[in-house]
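Single-letter residue listing:
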Amino acid sequence: PTVPQIRMSREDFKSLYDQIKDGKEEVQLEFEIHNYFTPGPVSYHNVIADIPGSTYPDELVIVGGHIDSWDGATGTLDNGTGVATTLEVARLLMESGVQPKRTIRFMLWSGEEQGLLGSRAYIKKHEDLLEKISGVFVHDGGTNYVSGIAATAAMQADLEEVFAPIMNLSPDRPFTVRSVRGLPLGIGSDHDSFLRKDVPGFFWDQKGTSNYNFSHHTQHDYFNQAIDEYQRHSSVVIAIGALGVAN
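Residues numbered from 1 in each chain as written. Predicted model: local features only at pLDDT ≥ 70, side-chain atom pairs only at ≥ 80, totals over all residues. Heavy atoms only, no water.

Caption draft 1: Representation of the overall build of the protein chain. The helix and strand tally for the protein chain stands at seven helices and eight strands. With the principal axes as the frame, the protein chain shows a C-alpha extent of 70 × 45 × 35 Å. For the protein chain, the residues scored as buried account for 42% of the 247 residues in total. Considering only intrachain contacts with a sequence separation of at least 6, the fraction spanning at least 24 residues in the protein chain is 81%. (Helix = DSSP H or I, 4+ residues; strand = E, 2+ residues; numbered from the N terminus. Buried < 20%, exposed > 50% of the residue type's maximum accessible area, 1.4 Å probe, protein only. Contact = heavy atoms within 4.5 Å.)

Caption draft 2: Representation of the pairing of strand 3 (residues 102-109). Of all the eight residues making up strand 3, eight are buried; the element is thus mostly covered by neighbouring parts of the structure. Examined bridge by bridge, strand 1 (residues 47-51) and strand 3 share five bridges and lie antiparallel to one another. If you follow Ile-51 over to strand 3, its bridge partner there is Ile-104. Where strand 2 (residues 56-66) and strand 3 come together, eight bridges link them in parallel fashion. If you follow Val-61 over to strand 3, its bridge partner there is Ile-104. (Pairing = 2+ DSSP bridges.)

Caption draft 3: Broad picture of the sheet that holds strand 6 (residues 176-179). Strand order in the open sheet made by the three strands is 6-5-8, with mixed pairing throughout. Only two strands of the sheet have a single partner each, and these edge strands are strand 6 and strand 8 (205-207). Strand-to-strand twist across the sheet, computed as the mean angle between neighbouring axes with direction ignored, equals 30 degrees. Pairing between strand 5 (residues 145-151) and strand 6: four bridges, direction parallel. Its bridge partner lying in strand 6, Ala-151 is registered against Ser-179. Its contacts with the sheet put helix 4 (residues 153-163) on strand 5 and strand 6, and the angle it makes with strand 5 is roughly 145 degrees. (Axes fitted to C-alpha atoms, helices over the stretch in contact; angles between N-to-C directions.)

Caption draft 4: Examining a nonpolar patch on the surface more closely. Residues Ile-6, Met-8, Phe-13, Tyr-17, Leu-29, Phe-31 and Ile-33 make up a contiguous nonpolar surface patch of roughly 670 Å² in combined accessible area. With respect to the element layout, Met-8 can be found in the segment before helix 1 (10-22). When its relative accessible area of 33% is taken as the criterion, Met-8 is described as partly exposed. (Patch = residues over 30% accessible without salt bridge, like charges linked within 9 Å, V, L, I, M, F, W, Y side chains within 5 Å. Areas by Shrake-Rupley, 256 points an atom, 1.4 Å probe, with all protein chains shown as cover. Salt bridge = Lys/Arg side-chain N within 4 Å of Asp/Glu carboxyl O.)

Caption draft 5: Region of interest: the sheet that holds strand 3. Taken in spatial order, the five strands make up an open sheet running 1-3-2-4-7, and their pairing is mixed. Edge strands, defined here as strands with exactly one partner in the open sheet, are strand 1 and strand 7 (201-203). Direction aside, the axes of adjacent strands within the sheet are offset by 20 degrees on average.

Caption draft 6: Seen up close, the packing of helix 4 against helix 7 (residues 228-246). Where helix 4 contacts helix 7, the two axes come as close as 8 Å, and the packing angle between them is 125 degrees. In terms of their interaxial angle, helix 4 and helix 7 are classed as oblique. Here helix 4 and helix 7 pass one another in a crossing that is right-handed. On helix 7, the residues that touch Leu-159, Val-162 and Phe-163 of helix 4 are Val-237, Ile-240, Gly-241, Gly-244 and Val-245. (Parallel < 35°, antiparallel > 145°, perpendicular 65-115°, else oblique. Left-handed = near helix turned anticlockwise from the far one by under 90°.)

Caption draft 7: Structural detail: the packing of helix 2 (residues 76-96) against helix 7. Taken N-terminus to C-terminus, the directions of helix 2 and helix 7 make an angle of 55 degrees; their axes are 8 Å apart at the nearest point. Considering their axes alone, helix 2 and helix 7 lie oblique with respect to each other. Handedness of the helix 2/helix 7 crossing: right-handed. Every residue of helix 7 that contacts helix 2 at Thr-81, Ala-84, Thr-85, Glu-88, Val-89, Leu-92 and Leu-93 is listed here: Gln-231, Ser-234, Ser-235, Val-236, Ile-238, Ala-239 and Leu-243. Considering only residue class, the contact of helix 2 with helix 7 consists of eight nonpolar, five polar and one charged. (Nonpolar A, V, L, I, M, F, W, Y, C, P; charged D, E, K, R; others polar.)

Caption draft 8: Local environment of helix 2. Taking 1.5 Å of rise per residue, the 21 residues of helix 2 would be expected to cover 30 Å, and the 28 Å separating its terminal C-alpha atoms lies within 8% of that figure. All of the buried residues in helix 2 are Thr-76, Leu-77, Asp-78, Asn-79, Thr-81, Gly-82, Val-83, Thr-85, Thr-86, Val-89, Ala-90 and Leu-93. After helix 2 finishes, the residue Gly-97 shows a positive phi value of roughly 80 degrees. (Expected span 1.5 Å × (residues − 1).)

Okay, structure coming up:
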């Protein structure tokens, strides 16, 4: 790289900005930066697990998040919380003993932060599976509780039936199937990779008291940002949704 990019805390940046804007004296900065470059390529790995379908085992519902994170902290909201709900959904469904009609595939994508590399590579390697995927549900919006999902007109009735059991799961955390003209491309998570191949990809709506933007891609994204009760609630909602779509 020939152009350095330096991240500063907001307080330091504002101080610098104010001095430059004031213009009374020249502002000089000095940085001590230690960069280490390792010859590539670097191996990344997706993590995959299945609950096999009882009736249509070759058809899939995919549930997941991305396992990599930004380097500013430890990546709790982006995306440790999504990894945790994926693991918990798998545990809940296995413990319940349910036998979904279609295979539920749990996927933790890698290389998401570098350009959705894990999901794009998976699609490139398994293009024969695409027409057999009913939906891809990605949890990558932090720790706020899962509060809804977008649905096109063709999907509305089916998704309302799927999520009927959790519409009133918690009076304080309602769930809504939200009508949209078309599923959006370009939110920036792994469901986008599938949408570009005409596979229904979903990014959960979320609400709550967590300020996602405070932690996202910053030095604040540590474990204390996760909210336990929201994580538990979201896991139940995602589990019921995955099972409902699989059936």
